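Tertiary structure, described
Spelled out, the chains give:
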Amino acid sequence: MTKIDLKSSVFVLLFFVCSNGCLGQKLNTRGELLKVLSLDKKDKVISFNNSNKEYGKVFDYLKYLGTLVSSDAASYKVITLTTIWGNNHHTINYLYIYSSDNDFVGKYKYLLKDELPIKIEDNKLVYFQRDEYGQLDRRAYAYVTFLEGPPKIICPGCDSLDDGNGSEIIKEE
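The sections below set out a description of the structure shown in this document. In this text, all values refer to a predicted model and were calculated from it rather than measured experimentally. (Residues numbered from 1 in each chain as written. Predicted model: local features only at pLDDT ≥ 70, side-chain atom pairs only at ≥ 80, totals over all residues. Heavy atoms only, no water.)

1. Section: the overall build of the chain
Rules: Counting from the N terminus, the helices are DSSP H or I runs at least four residues long and the strands are E runs at least two residues long. Remark: exposure states derive from per-residue accessible area (1.4 Å probe, protein chains only) relative to the maximum for the residue type, with buried under 20%, exposed over 50%, and partly exposed in between. Whether two residues are in contact is decided by their heavy atoms: any pair within 4.5 Å suffices. With residues, only the protein chains shown are counted as cover, and all accessible areas are computed by Shrake-Rupley using a 1.4 Å probe.
Check the secondary structure of the chain and you find one helix and 10 strands. When the helices and strands of the chain are listed from N to C terminus, the series reads α-β-β-β-β-β-β-β-β-β-β. Here the chain, with 173 residues, has 32% of them falling under the buried criterion. Pairs at least 24 apart in sequence give 37% of the contacts found in the chain among residues at least 6 apart. Accessible surface, the chain: about 11000 Å² in total, of which carbon and sulfur atoms supply 53%.

Shown next, in the form of structure tokens:
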């Protein structure tokens, strides 16, 4: 086997191994999201232990924030998800949006847990604001509405979306 064939074989093998593990985690998460929606317990963090031999420690923390209503009376259920895995505590965070019938609408990806909204108040997502140095200011808030439906990009406190700030909606589960 040549070097190129060996590299190709290794790449294909790694692709199938990784996609199989990710698919399993994705299906697990979908069930967890639907369970949290069915419980309908607003502002309560529900945790799931998905630890396994392949990935080690895997914990999902889900919080149902409540419902946002658009100007055309469409309702959107909102859940935050923080997944922590591995010995180094790798973290990924999402804001999931579901319809009133629990159909997936979209999700927003965040690197830091502090970037997630903290609650829904007066039909708005409430986020902690950042100061001019980028530090979290727990005394100041930024708000996002869904009056026109889920926004294409969420960037609380941004003056402009032209500089690539914010989290763009992902339509695939």
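2. Things to note about the side chain of Ser99
Tracing the backbone shows Ser99 in strand 4 (residues 90-99). For Ser99, a relative accessible area of 16% puts it in the buried group. Not counting the four nearest positions on each side in its chain, Ser99 is found in contact with Ser75, Lys77 and Val105.

3. Notes on the nonpolar core
What counts is decided by this rule: In plain words, nonpolar cores are sets of buried Ala, Val, Leu, Ile, Met, Phe, Trp, Tyr and Cys residues tied together by side-chain atoms within 4.5 Å.
One finds Val78, Leu95, Leu125, Tyr127, Phe146 and Ile154 to be the most contacted residues of the largest nonpolar core, which totals 17 residues. Of all the elements in the fold, those that place two or more residues in this core are strand 2 (58-69), strand 3 (75-85), strand 4, strand 5 (104-110), strand 7 (124-130) and strand 8 (136-145). Those residues in contact with Leu95 that sit more than four places away from it in its chain are Val78, Ile79, Thr80, Gly106, Lys107, Tyr108, Tyr110, Leu116, Pro117, Leu125, Tyr127 and Ile154. Listed in part, the 14 residues of the second largest apolar core include Leu37, Leu62, Leu81 and Tyr94.

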